[in-house]
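The residues making up each chain are set out below.
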Amino acid sequence: MHADVLARAGVREADRGLTFYRLIRCLEGILQRELLRFLKQRGRFFAALVRPLVWLFIFAAGFRSILGVSIQEPYDTYVLYEVYITPGLCGMILLFSGMQSSLSMVYDREMGSMRVLLVSPLPRSYLLVAKLFAGVVVATIQAYLFLAIAWFWEVRPPLLGYLAVLPALMLSGFMLGALGLLLSSLIRQLENFAGVMNFVIFPMFFASSALYPLWRVKEASYLLYQICLLNPFTHAVELIRFAMYLKLEEQALLVTLGWTVLFLAGALYGYNPQRGFLAATGKGE
Amino acid sequence: MTPALAIEGVSFAYVRDRRALDGISLTVPRGSFTALLGPNGAGKTTLMALTTRLFHAREGRIIVCGLDLARHACAALARMGVVFQRPTLDEDLSVRQNLRYAAALHGLDRARTRERMQAVLARLGIEALEPRVVRTLSGGERRRVELARALMHEPELLVLDEPTVGLDIDSRRAIVEHVHDLCRRDGVAVLWTTHLIDEIEPGDRVVVLHRGRVRAQGTLEEILSCTQTSSLAQAYAKLTAD
């Protein structure tokens, strides 16, 4: 920004630049709001926890004897089915949370509160990434609550694994949140949301390594195996699984990172008032 | 002195070959109350969306306090307070939490936030609402809280898009008086869109928008003179007859 232009316009010092403080204050405000909303919406809080716990307590218990998991990376020994699906259920929390954020973006856009964010004096891309980050923090807290409960169900990765999984959860959360953001820029009305979600959440979750190892899928159907490999969620789950056992799956990391960048770029394009879908459809709020 | 808002030759189309706004030019002088008057579908909300950067104007320029919105959006938006047509408060949060959120988005530190919150709530006579959850407020109270939120960062230009929609007569009157008072006492420039001519007071500037074009603009007296009518109702009817 040209100093002389600003000086001529009499711009106050505080308005001149995007100071680090202003960026942090904005992020803090958005994060605080998301956390408050999460705590106040108790139904959302419990639903987020109950969903994976039902899978862990009921589905996994029922399938334990049928779906024993042999020794495979990152595990050093045979593991219970509950242990195997826990990273996938963490992924499920992030997936549902990402889609929940997407739904909330569409709702906010229809109700108007999204406009308050978008007319703030900061670059729109920063505002959207800050909102995405806040959603990821909330989702990560949910994932840790789930892991804490799973510990009592004898799902006990190494203690350091709880720390090592944090960046994996955050990155996976970013990827799925960015996908949600992209979808929210494409969905025109709240009514269309359920339909779109059916085509996103369920195929992503079931056509992945969340519930069964890929070698088993490959044995059953080579085509499905290929689909699983193309599915970004598979790589997010593997990234979480390996991190939880203090290992790094490089391919999963690179693929998750790549999809994050792509989804984020699409979402920012979608919300750009100059070029995006919103300007074209006239619902730029 | 540069005006608080200058819109120069702005056009906008949602679909090709069908312009919602066509060559709009208008100014909002500093410290003035400017009413953007037009029937439903005139293009008022579209113009508001362009002025607040929700949409991007492909043709023309929007200058806020001397700053081109396309080039210096952040600095321009820092000088603008906005009240939207539909309520945009977070209903699950308290008034205090909503105001804090707005202050954070504008980069106000905590001490300044507290100071401004007390000042704007007192200014609008709604200090008692501070701890209340928005969901429990009446329509008129919510509108005043939205106005308080728009004033948190001391804007030089206040943009209000049909802020009295859905309010009863008393609440509507109160909001109109509050905003006129802000203009007179604090020197805030106001752009107020409406389709209700009784919200306009003597001394206000008026811009009549119809079918995406400015049909007339000036003081009330100038509008009456150029339309050769004796009341704003007559002038408005004449300007929007086609």
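Starting from 1, residues in each chain are numbered consecutively following that chain's sequence as written. Starting at A for chains and at 1 for ligands, labels are handed out in the order in which the entities are written. Given that this is a predicted model, residues contribute local features only at a pLDDT of at least 70 and side-chain atom pairs are listed and counted only at 80 or more, while totals for whole chains, interfaces and linings are drawn from all residues.

### Things to note about the overall build of chain B
Stage number 1. In terms of regular secondary structure, chain B is built from eight helices and ten strands.
Stage number 2. Scaling as 2.2 N^0.38, a compact globule of 242 residues should have a C-alpha radius of gyration of about 18 Å, and chain B matches this with 18 Å.
Stage number 3. Seen through its principal axes, chain B has C-alpha atoms that stretch 50 × 40 × 35 Å.
Stage number 4. Exposure is read from a count of other C-beta atoms within 10 Å of each residue's own; the residue is exposed at 12 or fewer, buried at 20 or more and partly exposed in between. C-beta atoms are placed from the backbone. Expressed as a percentage of its 242 residues, the buried residues of chain B come to 53%.
Stage number 5. Within chain B, contacts between residues separated by at least 24 positions form 67% of all contacts whose residues are at least 6 apart in sequence. Only DSSP runs of H or I reaching four residues or more are called helices, and only runs of E reaching two or more are called strands; each is numbered from the N terminus. Here the globule rule is a power law, 2.2 Å times the number of residues to the power 0.38, and the radius of gyration is based on C-alpha atoms. What counts as a contact is two residues whose backbone-derived C-beta atoms lie within 7 Å of each other.

### Side note on the confidence of the model for chain B
Stage number 1. Scored from 0 to 100, pLDDT records how confident the predictor is in each individual residue. Taken over all residues, the pLDDT of chain B has a mean of 91, while the share at 70 or more is 100%.
Stage number 2. Among the prediction metrics, the complex's ipTM stands at 0.85, with pTM recorded as 0.84.

### A word on the sheet that holds strand S3 (residues 33-37) of chain B
All names here are of chain B.
Stage number 1. The strand order across the open sheet formed by six strands is S6-S7-S8-S3-S9-S10, and the pairing between neighbours is mixed. The strands lining the two open edges of the sheet, one partner per strand, are strand S6 (80-83) and strand S10 (213-219). Adjacent strand axes in the sheet meet at a mean angle of 15° when their direction is disregarded.
Stage number 2. Two strands are counted as paired when DSSP detects at least two bridges linking them. Bridge count for S3 against strand S9 (residues 205-210) is four bridges, and the pairing is parallel. Bridged to Ala 35 within S9 is Val 206.
Stage number 3. Packing against the sheet, helix H1 (residues 44-51) makes contact with S3, strand S7 (157-161), strand S8 (189-194) and S9, and its axis sits at approximately 145° to S7.
Stage number 4. Between the N-to-C directions of two axes lies an angle of 0 to 180 degrees, each axis being a line fitted to C-alpha atoms and, for a helix, fitted only over the stretch in contact. Set on the sheet, helix H5 (residues 139-151) makes contact with S6 and S7; between it and S6 the angle comes to about 165°.

### Overview of the packing of H5 of chain B against helix H6 (residues 169-186) of chain B
Residue and element names in this part refer to chain B.
Stage number 1. Interaxial distance between H5 and H6 falls to 9 Å at its minimum, and their mutual angle equals 15°. Between H5 and H6, the interaxial angle falls into the category roughly parallel. Two packed elements cross with a definite hand, and for H5 against H6 that hand is right-handed. Along the contact surface, H5 presents Gly 139, Gly 140, Arg 143, Arg 144 and Leu 147, while H6 presents Ser 171, Ala 174, Ile 175 and His 178. Roughly parallel means an angle under 35 degrees; roughly antiparallel, over 145; roughly perpendicular, 65 to 115; everything else is oblique. It is the rotation of the near helix from the far one that decides the hand of a crossing: anticlockwise by less than a right angle makes it left-handed, clockwise makes it right-handed.

### Some words on helix H8 (residues 232-239) of chain B
Residues and elements named next belong to chain B.
Stage number 1. Taken as a whole, H8 has its buried residues at Leu 232, Ala 235, Tyr 236 and Leu 239. In an axial view of H8, the angular spread of the buried residues amounts to 100°, which keeps them on one side of the axis.
Stage number 2. Tucked into the core, H8 has its buried residues touching S3, S9, S10 and helix H7 (220-227). Directions from the helix axis toward the C-beta atoms define the arc.

### Some thoughts on the nonpolar core
Stage number 1. Think of a nonpolar core as buried Ala, Val, Leu, Ile, Met, Phe, Trp, Tyr and Cys residues, each tied to the set through C-beta atoms within 7 Å. In this structure, Ile 93, Ala 178 and Ile 240 of chain A together with Val 64, Leu 157 and Val 190 of chain B are the most contacted members of the largest nonpolar core, which totals 156 residues.
Stage number 2. Here the element with the most residues in this core is helix H5 (residues 81-111) of chain A; it accounts for 14 residues.
Stage number 3. Bear in mind that the domain bounds are from an automatic or database domain assignment. Here this core spans two domains, since at least three of its residues come from each of domain 1 (5-79 + 157-239) and domain 2 (92-154) of chain B.
Stage number 4. Filtering out sequence-adjacent residues up to four positions away, Val 64 of chain B remains in contact with Leu 5, Leu 69, Ala 76, Arg 79, Met 80 and Leu 157 of chain B.

### Description of the pairing of strand S1 (residues 5-15) of chain B
All names here are of chain B.
Stage number 1. Bridge count for S1 against strand S2 (residues 18-28) is seven bridges, and the pairing is antiparallel. By the bridge assignment for S2, Val 15 is matched with Arg 18.
Stage number 2. Counting the residues that bridge the hairpin from S1 to S2 gives two residues, and of these Asp 17 lies at a positive phi of roughly 65°.

### Focus on unusual backbone geometry
Stage number 1. For Leu 246 of chain A, which is not glycine, the phi dihedral falls at a positive 60°.
Stage number 2. What makes Leu 246 of chain A partly exposed here is the crowd of 14 C-beta atoms within 10 Å.
Stage number 3. The phi dihedral of Glu 154 of chain B falls on the positive side, at around 50°, and the residue is not glycine.
Stage number 4. One can find Glu 154 of chain B in the loop between H5 and S7.

### Description of the domain arrangement of chain B
Interface size, as often reported, equals the accessible area lost upon joining of the parts.
Residue and element names in this part refer to chain B.
Stage number 1. Examined at the domain level, chain B breaks down into domain 1 (5-79 + 157-239) and domain 2 (92-154).
Stage number 2. Taken over C-alpha atoms, the centre of domain 1 sits 25 Å from the centre of domain 2.
Stage number 3. Each partner contributes to the interface: domain 1 provides nine residues, whereas domain 2 provides nine residues.
Stage number 4. Residues belonging to the side of domain 1 that touches domain 2 are distributed by class as follows: six nonpolar, three polar and no charged. When residue character is reported, Ala, Val, Leu, Ile, Met, Phe, Trp, Tyr, Cys and Pro are called nonpolar, Asp, Glu, Lys and Arg charged, and the others, Gly included, polar.

### Remarks on the packing of helix H3 (residues 95-105) of chain B against H5 of chain B
All names here are of chain B.
Stage number 1. It is at 9 Å that the axes of H3 and H5 come closest, and there the two elements cross at 30°. When the axes of H3 and H5 are compared, the pair comes out roughly parallel. Along this stretch, H3 crosses H5, giving a crossing that reads as right-handed. On the side of H3, the interface is formed by Val 95, Asn 98, Leu 99 and Ala 102, while H5 contributes Val 145, Ala 148 and Arg 149.

### Remarks on the sheet that holds strand S4 (residues 59-64) of chain B
Backbone hydrogen bonds hold the strands of a sheet together, and the pairing may be parallel or antiparallel.
All names here are of chain B.
Stage number 1. Strands sit in the order S2-S1-S4-S5 across an open sheet of four strands; the sheet is antiparallel. Looking at which strands have only one partner, the edges of the open sheet turn out to be S2 and strand S5 (67-68).
Stage number 2. Direction of pairing for S4 relative to S5: antiparallel, over a ladder of two bridges. Among the inter-strand pairings, Ile 63 is bridged to a residue of S5, identified as Asp 68.

### A look at the pairing of S10 of chain B
All names here are of chain B.
Stage number 1. Two elements, S9 and S10, share six bridges in a ladder whose sense is antiparallel. Opposite Val 206, over in S10, you have Gly 218 as the bridge partner.
Stage number 2. In sequence, S9 turns back onto S10 through a hairpin of two residues, with Arg 211 there showing a positive phi of about 50°.

### Comments concerning H1 of chain B
All names here are of chain B.
Stage number 1. Among the eight residues in H1, eight count as buried, and that is most of the element.
Stage number 2. Restricting attention to buried positions, one finds in H1 the residues Lys 44, Thr 45, Thr 46, Leu 47, Met 48, Ala 49, Leu 50 and Thr 51.
Stage number 3. The first or second residue beyond H1 is Arg 53, which carries a positive phi of 70°.

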